[in-house]
Amino acid sequence: MDNKKILGGLAAAAMAVSVATSSSAEPTNGGSMIVTYKDDVSTLDPAIGYDWQNWSMIKSLFDSLLDYKPGTTVLTNDLAESYSISEDGLTYTFVLREGVKFHNGRVMTAADVKYSLDRVTNPKTQSPGAGFFASVKGFDEASGGSGELSGVTVVDDRTVAIELSRPDATFLHVMAINFSSVVPQEAVEQWGEDFGKHPVGTGAFSLAEWSLGQRLVFAKNPDYYQAGLPHLDEIVFEVGQEPVVALLRLQNGEVDVAGDGIPPAKFLEVKNDPEYANAIVEGSQLHTGYISLNVKMKPFDNLAVRKAVNMAINKDRIVRMINGRAVPANQPLPPLMPGYDPDYKGFAFDPEAAKKMLAEAGYGEGFETELYVANTDPQPRIAQAIQQDLAAIGIKAEIKSLAQANVIAAGGEEDQAPMIWSGGMAWIADFPDPSNFYGPILGCGGAVPGGWNWSWYCNEEIDARAVKADAMTNPADAAEREAMWRKIFTDIQDEAPWVPIFNEQRFTIRSDRLDGPDGIFVDPVHIPVHYDTVYLKGGQ
Amino acid sequence: MRVLKALLRRKLGAFGLLVIFMTVAVAFLAPLIAPYPPDLQLFEGLTLEGAPLPPNSQFWLGTDLLGRDLFSRLIYGAQTSLIIGVVANGAAILIGSLVGIVAGFYRGIVGSILMRFTDLMMAFPALLLAIVLAAIFKPSLWIVALVIAMVNWVQVARVIYSETVSLAERDFIAAERTLGASPLRILLKHIAPHLIYSTIVFGTLGISTTVLLEATLSFLGIGVQPPTPSWGNIIFENQTYFASAPWLVFLPGFAIVSLALGFNLVGDAMREILDPTMKGKH
Amino acid sequence: MATYILRRLMEAVFILIGITMITYALLYLIPADPVRQIAGRSATPETVENIRQQLGLDLPFYEQYWRYVSALFQGDLGRSYLQKTEVSELIASRLPASLLLMVAAISLELLMGLVMGTISAVRRNSAVDNSLMVISFVGVSAPQFVVGIIFLYIFAVKLNWFPIGGYGTFHHLVLPALTLGFMGAGWYSRMMRSSMLNVLGQDFVRTARAKGLGKARVIVRHAVPNALLPIIAMIGIDIGIFMSGIVVVESVFGWPGIGQLAWQAIQRVDIPIIMGVTLVAACSIVLGNLLADIIAPFVDPRIKLK
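## Looking at the overall build of chain B
Point 1. What chain B contains, in helices and strands, is 11 helices and zero strands.
Point 2. Seen in sequence order, chain B has helices and strands lined up from the N terminus as α-α-α-α-α-α-α-α-α-α-α.
Point 3. The buried share of chain B, taken over its 282 residues, is 58%.
Point 4. If you take every contact in chain B between residues at least 6 apart in sequence, the share linking residues at least 24 apart comes to 71%.
Point 5. As displayed, chain B offers around 11800 Å² of accessible surface, 72% of which is attributable to carbon and sulfur atoms.

## Concerning the overall build of chain C
Point 1. Along its length, chain C carries 12 helices and zero strands.
Point 2. For chain C, the sequential pattern of α-helices and β-strands runs α-α-α-α-α-α-α-α-α-α-α-α.
Point 3. Judged by the C-alpha coordinates and their principal axes, chain C covers about 85 × 55 × 30 Å.
Point 4. Taking all 306 residues of chain C together, the buried fraction comes to 56%.
Point 5. Intrachain contacts of chain C at a sequence separation of at least 6 include 73% that bridge at least 24 residues.
Point 6. In the form shown here, chain C has an accessible surface area of approximately 13100 Å², with 67% of it arising from carbon and sulfur atoms.
Point 7. Averaging the positions of the 24 positive and the 17 negative side-chain charges in chain C gives two centres separated by 17 Å.

## Observations regarding the interface of chain C and chain A
Point 1. Of the residues lining the interface, 41 residues belong to chain C; the matching set on chain A comes to 50 residues.
Point 2. Between chain C and chain A, a total of about 3700 Å² is buried, with carbon and sulfur atoms accounting for 49% of that surface.
Point 3. Inspection of the region where chain C meets chain A yields two salt bridges.
Point 4. Taking the shortest distance from any N to any O, the salt bridge between Arg 79 of chain C and Asp 194 of chain A comes out at 3.0 Å.
Point 5. For the interface between chain C and chain A, the tally reads nine residue pairs in polar contact (both at pLDDT 80 or more).
Point 6. For the side of chain C that touches chain A, the secondary structure elements donating two or more residues are helix 2 (34-39), helix 3 (45-54), helix 5 (87-122), helix 10 (215-253) and helix 11 (258-267) of chain C.
Point 7. With five residues, the top contributor of residues to the side of chain C that touches chain A is helix 3 of chain C.
Point 8. Split by residue class, the side of chain C that touches chain A holds 15 nonpolar, 17 polar and nine charged.

## Description of the domain arrangement of chain C
Residues and elements named next belong to chain C.
Point 1. Parsing chain C into structural domains produces domain 1 (2-72) and domain 2 (94-299).
Point 2. Put simply, the middle of domain 1 and the middle of domain 2, counted by C-alpha atoms, are 34 Å apart.
Point 3. Contact with domain 1, which involves 18 residues of that partner, is made by 16 residues of domain 2.
Point 4. Of the roughly 1500 Å² buried between domain 1 and domain 2, counting both surfaces, carbon and sulfur atoms make up 84%.
Point 5. On the domain 1 side of the interface with domain 2, the three residues burying the most area are Arg 8, Leu 16 and Leu 27, jointly 32% of the side's total.
Point 6. Counting every contact that joins domain 1 to domain 2 gives zero residue pairs in polar contact (both at pLDDT 80 or more).

## A closer look at the interface of chain C and chain B
By a frequent convention, interface size equals the accessible area lost on bringing the separate parts together.
Point 1. Of the residues lining the interface, 45 residues belong to chain C; the matching set on chain B comes to 43 residues.
Point 2. Here chain C and chain B share an interface that buries about 3800 Å² over both sides, 83% of which is from carbon and sulfur atoms.
Point 3. Salt-bridge contacts for Arg 190 of chain C lead to Asp 268 of chain B; the nearest nitrogen and oxygen are separated by 2.5 Å.
Point 4. If you look at where chain C meets chain B, you find four residue pairs in polar contact (both at pLDDT 80 or more).
Point 5. Breaking the side of chain C that touches chain B down by element, the ones donating at least two residues are helix 1 (2-29), helix 6 (127-141), helix 7 (144-158), helix 8 (170-200), helix 10, helix 11 and helix 12 (271-299) of chain C.
Point 6. Among the elements that make up the side of chain C that touches chain B, the one with the highest residue count is helix 1 of chain C (eight residues).

## Description of the state of the cysteines
Residue and element names in this part refer to chain A.
Point 1. Applying the stated criterion to the full structure yields one disulfide over all chains.
Point 2. Across a sulfur-sulfur distance of 2.0 Å, Cys 444 and Cys 458 are joined as a disulfide pair. Handedness here is read from the sign of the S-S torsion; for Cys 444 and Cys 458, about 95°, the answer is right-handed. On the criterion of sequence distance, the pair formed by Cys 444 in the loop between helix 13 (439-442) and helix 14 (460-470) and Cys 458 in the loop between helix 13 and helix 14 is long-range, its members being 14 residues apart.

## Overview of the sheet that holds strand 9 (residues 205-211) of chain A
Residues and elements named next belong to chain A.
Point 1. Ordered in space as 9-10-11-2-12, the five strands form an open sheet in which the pairing is mixed. Of all strands in the sheet, those with a lone pairing partner are strand 9 and strand 12 (257-258), marking the two edges.
Point 2. Two strands pair when backbone bridges link them, and strand 2 (residues 32-36) and strand 11 (residues 234-238) are joined in this way by five bridges, in the parallel orientation. In the sheet register, Ser 32 faces strand 11, and the bridge partner there is Glu 234.
Point 3. Its contacts with the sheet place helix 1 (residues 52-61) against strand 9, strand 10 (215-220) and strand 11, and it is angled at close to 130° to strand 9.

## Remarks on the pairing of strand 14 (residues 287-293) of chain A
All names here are of chain A.
Point 1. Buried residues dominate strand 14, accounting for seven of its seven residues.
Point 2. Burial along strand 14 is two-sided: the face carrying His 287, Gly 289, Ile 291 and Leu 293 and the face carrying Thr 288, Tyr 290 and Ser 292 are both buried.
Point 3. Inspection of the sheet shows strand 14 paired to strand 20 (residues 498-509) by four bridges, in the antiparallel sense. When the bridges of strand 20 are listed, Ser 292 appears paired with Trp 498.

## Here's the deal with the sheet that holds strand 7 (residues 152-156) of chain A
Residue and element names in this part refer to chain A.
Point 1. The antiparallel open sheet is built from four strands, whose spatial order is 5-6-8-7. The sheet is open, and its two borders are formed by strand 5 (80-85) and strand 7, each paired with just one other strand. When the angles between neighbouring strand axes are averaged without regard to direction, this sheet yields 20°.
Point 2. Note: strand 7 against strand 8 (residues 159-163), four bridges, orientation antiparallel. The residue bridging Asp 156 from the neighbouring strand is Thr 159, located in strand 8.

## Let's talk about the environment of Trp 421 of chain A
Residues and elements named next belong to chain A.
Point 1. Summarising the element assignment, Trp 421 is placed in strand 18 (residues 419-421).
Point 2. In this structure, the C-alpha to C-alpha distance between Trp 421 and Pro 70, residues 351 residues apart in sequence, is 32 Å.
Point 3. Among residues more than four places away in sequence, those in contact with Trp 421 are Gly 289, Tyr 290, Ile 291, Leu 371, Tyr 372, Val 373, Gln 379, Ile 382, Ile 386, Ile 501 and Phe 502.

## Brief notes about a nonpolar patch on the surface
Residues and elements named next belong to chain B.
Point 1. Together, Phe 15, Leu 18, Phe 21 and Met 22 give the surface a local cluster of nonpolar side chains, amounting to about 440 Å² of exposed area.
Point 2. Looking at the element boundaries, Phe 21 is found in helix 2 (residues 11-28).
Point 3. Residue Phe 21 is classed as exposed on the basis of its relative accessible area of 60%.

## Comments concerning helix 9 (residues 183-219) of chain B
Residue and element names in this part refer to chain B.
Point 1. An ideal rise of 1.5 Å per residue puts 54 Å on 37 residues; helix 9 reaches only 46 Å between its terminal C-alpha atoms.
Point 2. Of all the bends in helix 9, the largest measures some 45° and sits at Ala 192, one to four residues before the proline Pro 193.
Point 3. Once helix 9 ends, the next one or two residues include Gly 221, with phi positive near 85°.

## Notes on the confidence of the model for chain B
Residues and elements named next belong to chain B.
Point 1. Per-residue pLDDT for chain B averages 87, and the proportion of residues at 70 or more is 97%.
Point 2. No element of chain B has a lower mean pLDDT than helix 8 (residues 171-178), which averages 77, and none a higher one than helix 3 (residues 30-33), which averages 94.
Point 3. Below pLDDT 50 for its whole length, residues 278-282 participates in nine contacts with residues either more than four positions away or in separate chains.

## Quick notes on the packing of aromatic side chains
Point 1. Inspection of the entire model under this criterion finds 36 aromatic pairs over all chains.
Point 2. Here the aromatic rings of Trp 60 of chain B and Phe 71 of chain B are separated by 5.5 Å at their centres, their planes lie at 45°, and the arrangement is tilted. Of the two residues, Trp 60 of chain B sits in the loop between helix 3 and helix 4 (70-106) while Phe 71 of chain B sits in helix 4, which places them 11 residues apart along the sequence.
Point 3. In this structure Trp 60 of chain B comes out as exposed when scored by relative accessible area, which is 53%.
Point 4. Between Phe 250 of chain B and Tyr 153 of chain C, the ring centres sit 5.0 Å apart and the planes meet at 90°, which makes this aromatic pair edge-to-face. Of the two residues, Phe 250 of chain B is situated in helix 11 (residues 247-274) and Tyr 153 of chain C in helix 7; the pairing between them involves two chains.

Scoring rules and cut-offs
- Residues numbered from 1 in each chain as written.
- Chains lettered and ligands numbered in written order.
- Predicted model: local features only at pLDDT ≥ 70, side-chain atom pairs only at ≥ 80, totals over all residues.
- Heavy atoms only, no water.
- Helix = DSSP H or I, 4+ residues; strand = E, 2+ residues; numbered from the N terminus.
- Buried < 20%, exposed > 50% of the residue type's maximum accessible area, 1.4 Å probe, protein only.
- Contact = heavy atoms within 4.5 Å.
- Areas by Shrake-Rupley, 256 points an atom, 1.4 Å probe, with all protein chains shown as cover.
- Lys, Arg positive; Asp, Glu negative; His and termini not counted.
- Charge placed at Lys NZ, Arg CZ, Asp CG, Glu CD.
- Buried area = accessible area lost by both parts, 1.4 Å probe.
- Salt bridge = Lys/Arg side-chain N within 4 Å of Asp/Glu carboxyl O.
- Polar contact = N/O pair within 3.5 Å; in protein donor to acceptor, adjacent residues only side chain to side chain.
- Nonpolar A, V, L, I, M, F, W, Y, C, P; charged D, E, K, R; others polar.
- Domains from an automatic or database assignment.
- Disulfide = S-S within 2.5 Å.
- Pairing = 2+ DSSP bridges.
- Axes fitted to C-alpha atoms, helices over the stretch in contact; angles between N-to-C directions.
- Patch = residues over 30% accessible without salt bridge, like charges linked within 9 Å, V, L, I, M, F, W, Y side chains within 5 Å.
- Expected span 1.5 Å × (residues − 1).
- Bend = angle between axes of the 7 residues up to and from the residue.
- pLDDT = per-residue confidence, 0-100.
- Phe/Tyr/Trp six-rings, centres within 6.5 Å; stacked < 30°, edge-to-face > 60°.

Structural data, given as structure tokens:
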């Protein structure tokens, strides 16, 4: 997702792997919890919101047709009661639940689903997620400004059919992301561009109060369609709280969840303190921090040079430098992503061999280059560690530490940034499917001016294989499709357009009062916790 | 020489001079004094879990978050501060004096356009301007110096302008003019020498402002590029650890304050020596 | 007087227009594309172009600027590119915090500066005077982020007197206000000292002393009020310095003011926000200077408003 800071203690997709406290028996209902954040919430419009902070808040205010089971990456029905896929895999028919009400009391219908998809793909909305709907029929016209996504048809009040222009195995995931949340037309039109400040959805909570820059209050939606949810009556979000302050307040019992996670400077102290062993839940996440090597720029057009760089970086040292908040990576996909290849060896750290390889490639004297990096801590520090490793094999990389927007702009030019450290702008999966790690950041589609494929790696043959894999919509082919993707990513890594550095771990710290299965505290999509299903320990 | 003697007679001025002298000496002798190269990341410079080390016998002032020797970085940081201080302030004085003299001496349309522009720049929030300028250029040591100069020339221009105006109105200059002396001659013979005092005072006080602005830009992450050490970017890189590893923030902070203080004390003393009428005003 | 103020206000409008022009031009030169930030990673080239057109970012520079200024004259600061919220609303939600911080800082710096300056002047050349002046020199030599972090360490972490950061109560206000006012306290104490020395040497003070009035009474009733005037004129100019200071102080203390707003906007090239904050800051600086100029003749009758 966009603008996700890394190492601030945040994450996207994750699965609980840690064994902290296990939850008690029955969830209790009622009560209120306090969550803190440093930055104010930017918007709660599901078509616009695209940062780690509002992502899960929007999920609690709105619903899409599909969702994930709490704490997992398993798709489940949400507003859709059921769905069917046509034989050719091109038409999806969703039957909606009956009588689901928006916060304004009106019953949600199929027309609302169509309106919401029309809206998100309409360029007037300026949604950063419009591109996810590219496989829906009529997308090109819609993004040209036609105002309608013609592939979406209302069959009757409770049935909506969505026709695709090509088979798309990721389509069901797309129906679960925030951008396909169902919104009521009248509320959107009433508030116009301020809808993000006055959100109306069908979700478990509704927005009760928002004092800009100070606090937000979510109140339980009494009409929520899922019986028994949410458990809490109220969630108070206090913004403008420094992570260090939030942690201290949490330790004093004034705060239930520190939204920004454990501040790096306090990490070792808190983690090594037995008192908090039960308060911290560790999980992995679908994130990879990498260095892109621009294959269109000399000398990174030379495979041997790219391989040498891959072998020069001491990833263990970098992980130690960030206090072990990540695990070293050797391929683009993170371990928890379907398609990750545990047997792939990648390029082992071996500076001597790297030096030799450079010499054979004609760069025995080394060369000078530039390493771009976002200028927020700790990114420039990580870049300096990389710089020192490169220097050891004779590569003099000058660090260009710039505002995030400038780094992204440089990456989008063919001849600007030879190397970019992705931290702070890193690829965190929008949904748990390997396809999401390919298109814009490693495929030919992203290797265009203004694109996000900063290595400018474009392999037509692999592109064709990716299209083929994504056309395998039959659930029976899932394993075969996964194998295809596995091969795609290891084949790419063999050509070394990236230096995968590490996969970030996620650490959530919560107060004593909160309870629930561990999974919901490192939920793949709900950050920092799954707001709908968390509850207070009995009687509080 | 006379000025130097007067300066040394004043306790505070002499103290300031000592601080500056020591910083310059440290900067020049950096390769001899520093126990380690400033950007060498040492394996033994971090704990096994990756935490920085407090001051100890091997690393006298401890290590930073990358396992580098803080003492060495501070020593090399003096070079950065001094280079930027001298270059950026020199450029600011050059631009400011030029604008001030031209506007004050020639007046007319050019003069008033220049001064209106100066007024306008006075109303610019200086740090915001510096931040935006830093976003336009790809940062480097020299760009940082340039950015600071582009922000700091304004004050100089104002003062030089008003001094030039009051000088140009004095009788002896009017007399020279009627005698047919060329404007350039008047400028060089009569006006410039009088401005030298203000320039010297500004040159000293301005270095202090420059050192502080460089530190602030580096603290915000948009100043001197890593791994070149600057006292400001040492604090930027380590500030989140201020509670658990305060030496990483306090020592560079102390260095910044000392150097700025040195230039302020000397500048203030010089102002009193060179121009006894403007006491304590800024 | 009224015509003078009117003329100055007119001038101020021109200065502000000039500032919008320069800022807009500078932002135009930043090598980053705001549309790419808005459209996200998966956007098609058509979407990107469409958004560019909607925002008018495909137009030549002067047309873009003209659009901005004409909207500005209708009181419209535009909407944030990324949040879609009205810039005026964003600024309005954060300005109170910044103003509160500034007012508190001005009060503190005046309090500290005037007390230190007065004591120094009365005890001229004593050890007290010397040490107070050294402190004031340190004050003007210490960058705010260093002062802020040291205050945090001593008063929040070690002594636990104040919170480490945040916003809301009087307790939260103390350290950021002290930090922001520390430098000014240094200036004011030095100015107050020389101003007081000046006044103490004047006839009316000597007369009052000669009449047998107590020393303390003379100082408080006669000398201080007269010495104060030139200092009040300085407060207006201070605002400009504060506008730079709040960016740093708000970032150190997590204070939710316009400085933080501007800083975050620059990171993401959210041009309408950057423009809005720059304009608000420039406005306060211009008004502050105007205030200083209006007060000046009361302070020193030799100065005439022209």
